[in-house]
Amino acid sequence: MKKRILETYRGAQIEAWPIHRGVGYEAWVRFRHPKLGHLVHKRVVGPTAGAFDSLESLTSHCRARIGELVSWGEILE
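As the structure is a prediction and not an experimental result, all values here were calculated from the model. (Residues numbered from 1 in each chain as written. Predicted model: local features only at pLDDT ≥ 70, side-chain atom pairs only at ≥ 80, totals over all residues. Heavy atoms only, no water.)

(A) The arrangement of the side chain of E15 in detail. With respect to the secondary-structure elements, E15 resides in strand β2 (residues 12-18). Here R30 takes part through its side chain, which lies 3.3 Å from a polar atom of the side chain of E15. Once residues within four sequence positions are removed from consideration, E15 is found in contact with K3, R4, I5, E26, A27, W28, R30, H41 and L58. (Helix = DSSP H or I, 4+ residues; strand = E, 2+ residues; numbered from the N terminus. Polar contact = N/O pair within 3.5 Å; in protein donor to acceptor, adjacent residues only side chain to side chain. Contact = heavy atoms within 4.5 Å.)

The following block contains the structure:
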């Protein structure tokens, strides 16, 4: 399985990457920087050795991280 874009939430895309030779997913949030105008990727660290066991936990953690980035002004809704 390759990268999957799970959803767009509050102006950012949530991406899931399968871990090679392991079980789980890496999570990335992609958004356009409001001041610089280019795309930014930020990794979201999961609870199990930096990874996520399921896509549901990955999505909920990413939504919380996106909420933080919106409150800091890094993502415009």
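(B) Here's a closer look at the packing of aromatic side chains. The final tally for this structure, using the stated rule, is zero aromatic pairs. Over the aromatic face of Y9 sits the side chain of R63, whose NZ or CZ is 5.2 Å from the ring centroid. (Phe/Tyr/Trp six-rings, centres within 6.5 Å; stacked < 30°, edge-to-face > 60°. Lys NZ or Arg CZ within 6 Å of the ring centre and 35° of its normal.)

(C) Spotlight on the sheet that holds strand β1 (residues 4-9). Overall, antiparallel pairing links the four strands, which are arranged β1-β2-β3-β4 in an open sheet. Looking at the sheet topology across the chains shown, the edges are occupied by β1 and β4 (39-44). Averaged over neighbouring strand pairs, the angle between their axes works out to 25° when direction is ignored. Two elements, β2 and strand β3 (residues 25-32), share six bridges in a ladder whose sense is antiparallel. Note on β3: the bridge partner recorded for E15 is W28. (Pairing = 2+ DSSP bridges. Axes fitted to C-alpha atoms, helices over the stretch in contact; angles between N-to-C directions.)

(D) Summary view of the pattern of salt bridges. A full pass over the atoms with the stated rule returns six salt bridges. Across the pair K3 and E15 runs a salt bridge, and its minimum N-O distance is 3.8 Å. Of this pair, K3 sits in the segment before β1 while E15 sits in strand β2, placing them twelve residues apart in sequence. One salt bridge in this structure joins R43 and E26, with 3.9 Å as the shortest N-O distance. You can see R43 sitting in strand β4 and its partner E26 sitting in strand β3, a full 17 residues away along the chain. Assessed through its relative accessible area of 34%, R43 is described here as partly exposed. Residue classification places E26 among the partly exposed residues on the basis of a relative accessible area of 28%. (Salt bridge = Lys/Arg side-chain N within 4 Å of Asp/Glu carboxyl O. Buried < 20%, exposed > 50% of the residue type's maximum accessible area, 1.4 Å probe, protein only.)

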